[in-house]
Every structure is written in structure tokens, then in C-alpha cells.
Amino acid sequence: MQQLTPAAIANALVSEPGIIRWVGPMPATQQQAVGLCHNIARLLNARQVENDWGADRLQVRLNADNFELLFNVEWLCEAVWLEPVGASTAHISKADMLQNVQLKLQQALEQTDL
């Protein structure tokens, strides 16, 4: 997996109803998946709180001031996505959490245009 710039990460995260799907390259190893999670967390200014490993999956909880997400990697179905979970510290809806994430992604894209 090549090095991903913030703009490349933002472009590869596509909003769909209820989730944000990763359309970039599938991480081939656990190390690559952890690296992708770190890069996404950094881009979103989120903290990685919990990791949960399974036989063919990884889930990491990402917390920020205005959203709480679950980063998911499923190797069996070759899918990576973010989904809102729980309640954020700002007590906003899951739909609003996704909107806040989209705003952060848009800001990352605009910064590369400067």
C-alpha cells in the first residue's frame, strides 16, 4: 500500500447512507490496516480508543469532539468503512456525526487546493 496523502485519504472516503466507505486500496496486512486507521484518525483529529481484533476483521473506535466512529476492516468481504456509533461528547445524532466527518474531509481537500 503506497503512502497516502491527506487529500488521497479524503478522496477515498465516500459518503453513503449511514456509513463512509473506503474506496482506496484494501490493506493487505494487519499492519497496513492499522496504518490506514492511524492516517484516517490523524486526518479527522480523532483519538483511537479501542481496538478489537477478530479472525478476519479489525474494529477501532475513533473519538473526536463532534463524532464517534467505528473504523472497520473486513478482509473476508474486502471492505473498509467508518460508521457512527454511540453518542458523541456533543450529544449529536449519528447523521450529524457523518455530516461533521464529511466537513472535515472537505476541509482536507480544500487545504490541498491552496
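Residues numbered from 1 in each chain as written. Predicted model: local features only at pLDDT ≥ 70, side-chain atom pairs only at ≥ 80, totals over all residues. Heavy atoms only, no water.

1. Section: the environment of Gln111
Link 1 in the chain: Its location among the elements puts Gln111 in helix H3 (residues 94–113).
Link 2 in the chain: Classification of Gln111 by relative accessible area gives exposed; the value is 58%.
Link 3 in the chain: As for Gln111 and Pro6, which are separated by 105 residues in sequence, their C-alpha atoms are 9.4 Å apart. (Helix = DSSP H or I, 4+ residues; strand = E, 2+ residues; numbered from the N terminus. Buried < 20%, exposed > 50% of the residue type's maximum accessible area, 1.4 Å probe, protein only.)

2. Details of unusual backbone geometry
Link 1 in the chain: Residues other than glycine seldom take positive phi values, yet Asn45 does so here, at roughly 55°.
Link 2 in the chain: Looking at the secondary structure, you find Asn45 in the loop between helix H2 (30–44) and strand S3 (47–53).
Link 3 in the chain: For Asn45, a relative accessible area of 55% gives the class exposed.
Link 4 in the chain: Here Glu78, not a glycine, exhibits a phi torsion of approximately 50°, which is positive.
Link 5 in the chain: Structurally, Glu78 is set in the loop between strand S5 (67–74) and strand S6 (79–84).
Link 6 in the chain: On the basis of relative accessibility, which here comes to 63%, the residue Glu78 falls in the exposed class.

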